[in-house]
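Structural characterization, general
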Amino acid sequence: MEQSKLTVCILSAAFNEGESLSVFYEAVKKVTADLPYEFVFCFVNDGSSDSTLEQIKNFATTNSAVKYISFSKNFGQQVALKAGIDAMDVDAIIMMDTDMQHSPDLIPELLEIWQTKKVNMVNTIREEDEELGWFKKQSSKRFYALLNKISDLKLEPGQADFRLIDRKVAQTLRNSKEHDVFLRGMIQWIGFDQATLRYKAQKRFAGASKYTFSKMIGLALAGITSFSVKPLYSAIYIGFTFAFLSFLYLPYVLYSYFTGNIVSGWSSVLITIAFFGGLNLIIMGVLGIYIGKILIQNKQRPLYIIQDANI
């Protein structure tokens, strides 16, 4: 009796990817046609306003292996990938972007590493692109450096959400009820046996990156505050440091008072008040982020809302 093939899901979050979606779909089908696995697609439409959902439904009409989830609005890439993981009960999931920067040609290599090394997941590391702009290079490096320094994570620069995870990892991620999803951090936190594949990112087929600077900042804050309380300790250390420094100013104040040499200007006082007021606001902001996360988590609202699906 012939042994059944392992089922592998190609999972993609799509937000206004109408220009590149069909190119990605056809490229993956071509690469996987002769591989000894049963492949299914799972597209998560993250509140697109272009032809993305229409194209996905057309794929599903002609190919029963195409599954889709469509959100009621844009919930973000991390949440979209989590929804796909929640929905697909398969032997392995390969998460890929549809803009062709994650080359479909790497799929056989990911599967080979997974099978030969007997690991639970295969992460990828994007090698630095010489054509990438200075700002993009530096912001990426600083992002990972900051994340590693003030969180309990150890992420290598270039690591993204292009990876293979097996059934055991997917089930662990399904059990997670965190509202602030940061998959790169969760993958590192859960452990398991991991391997790494280095690759050169391809040029984007069409459109521009959906990760704006503000979204990158939000992702960094999610990673830091979801996996570490170090910012809270830092706030305490900063508070003690400046409290100590303020005592060094006390002898000068007493000397000026008893000798009658009182400074008549107010600018130095104003600057001091403004500085410590700003410091207090920063510390309160750090506390506010953590309190806000607790509030949102306790409300137990759904992580995402599905408007349409064929799963």
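Worth saying up front: this structure is predicted, and the values here are computed from it rather than measured.

Considering the sheet that holds strand 1 (residues 7-14)
Pairing is mixed across the open sheet formed by eight strands, whose spatial order is 7-5-6-4-1-2-3-8. Each edge of the open sheet is held by one strand with a lone partner, namely strand 7 (194-199) and strand 8 (306-309). Here the average twist between neighbouring strands, direction ignored, is 20°. Of the pairings in the sheet, the one linking strand 4 (residues 92-95) to strand 6 (residues 159-166) comprises four bridges and is antiparallel in character.

Section: helix 4 (residues 107-116)
The α-helix advances 3.6 residues per turn, and as a result positions three or four apart in sequence lie on the same side. Inspection of helix 4 places Ile107, Leu110, Leu111, Ile113 and Trp114 among the buried residues, and these make up the whole buried set. Down the axis of helix 4, the buried side of the element spans an arc of 160°, and every buried residue falls inside it. Counted as exposed and oriented over 90 degrees from the buried face of helix 4: Glu112 and Thr116. Lysine 118 sits one or two positions beyond helix 4 and adopts a positive phi of about 55°.

A word on the packing of aromatic side chains
All chains considered together, the criterion is met by 10 aromatic pairs. Relative to phenylalanine 43, the ring of phenylalanine 24 lies with its centre 6.4 Å away and its plane at 80°, an arrangement referred to as edge-to-face. Linking phenylalanine 24 in helix 1 (residues 21-32) with phenylalanine 43 in strand 2 (residues 38-45), this pair joins segments that are 19 residues apart in sequence. With relative accessibility at 1%, the residue phenylalanine 43 sits in the buried group. Clustering of aromatic rings is evident, with ring pairs tying together Phe24, Tyr25, Phe41, Phe43 and Phe59. One residue, lysine 73, lies across the ring of phenylalanine 75, its end atom 5.2 Å from the ring centre.

Quick look at the nonpolar core
Membership of the largest hydrophobic core comes to 34 residues, with the highest contact counts inside it found for Ile10, Phe43, Ile94, Ile107 and Leu111. With near-sequence residues (within four places) excluded, phenylalanine 43 lies in contact with Ser12, Leu21, Phe24, Tyr25, Ile56, Phe59, Val66, Lys67, Tyr68, Ile69 and Thr98. In this structure, Leu11, Met88, Leu183 and Tyr304 belong to the second largest nonpolar core, which totals 30 residues.

Describing unusual backbone geometry
A positive phi is found at asparagine 16, a non-glycine position, where the angle reads about 55°. Here asparagine 16 lies in the loop between strand 1 and helix 1. Classification of asparagine 16 by relative accessible area gives partly exposed; the value is 25%. Unusually for a residue other than glycine, lysine 118 sits at a positive phi of about 55°. Structurally, lysine 118 is set in the loop between helix 4 and strand 5 (121-126).

So, the environment of phenylalanine 59
For phenylalanine 59, the location among the structural elements is in helix 2 (residues 52-62). A residue is classified by how much of its surface remains accessible, and phenylalanine 59, at 9% relative accessible area, is buried. Distance in space between the C-alpha atoms of phenylalanine 59 and serine 22 is 8.7 Å, their sequence separation being 37 residues.

Regarding the side chain of threonine 7
With respect to the element layout, threonine 7 can be found in strand 1. Once you skip the residues sitting within four places of it in the chain, threonine 7 turns out to touch Glu38, Val40, Val90, Asp91 and Ala92.

Regarding helix 2
Of all the positions in helix 2, only Thr52, Gln55, Ile56, Phe59 and Ala60 are classed as buried. Along the axis of helix 2, the buried residues cluster in a sector spanning 140°; they form a single face. Seen from the buried face of helix 2, the exposed residues on the opposite side, beyond 90 degrees, are Glu54, Thr61 and Thr62. Looking at the buried side of helix 2, the elements it contacts are strand 1, helix 1, strand 2 and strand 3 (66-71).

Thoughts on the pattern of salt bridges
On inspection of all chains with the given rule, the structure shows seven salt bridges. Lysine 57 serves as the salt-bridge partner of aspartate 308, at 2.8 Å between the closest nitrogen and oxygen. Here aspartate 308 is found in strand 8, whereas its partner lysine 57 is found in helix 2, with 251 residues between them in sequence. Using a relative accessible area of 24% as the deciding quantity, one classes aspartate 308 as partly exposed. A salt bridge links lysine 82 to aspartate 86, with the shortest nitrogen-to-oxygen separation between them at 3.0 Å. Remark: aspartate 86 and lysine 82 occur in helix 3 (residues 77-87); sequence separation between them is four residues, near one turn of the helix. Look at lysine 82 and you get buried, because its relative accessible area is 4%.

Thresholds, definitions, all that
Residues numbered from 1 in each chain as written. Predicted model: local features only at pLDDT ≥ 70, side-chain atom pairs only at ≥ 80, totals over all residues. Heavy atoms only, no water. Pairing = 2+ DSSP bridges. Helix = DSSP H or I, 4+ residues; strand = E, 2+ residues; numbered from the N terminus. Axes fitted to C-alpha atoms, helices over the stretch in contact; angles between N-to-C directions. Buried < 20%, exposed > 50% of the residue type's maximum accessible area, 1.4 Å probe, protein only. Arc of directions from axis to C-beta. Phe/Tyr/Trp six-rings, centres within 6.5 Å; stacked < 30°, edge-to-face > 60°. Lys NZ or Arg CZ within 6 Å of the ring centre and 35° of its normal. Core = buried A, V, L, I, M, F, W, Y, C linked by side-chain atoms within 4.5 Å. Contact = heavy atoms within 4.5 Å. Salt bridge = Lys/Arg side-chain N within 4 Å of Asp/Glu carboxyl O.

Shape is all these values report; function is a separate question.
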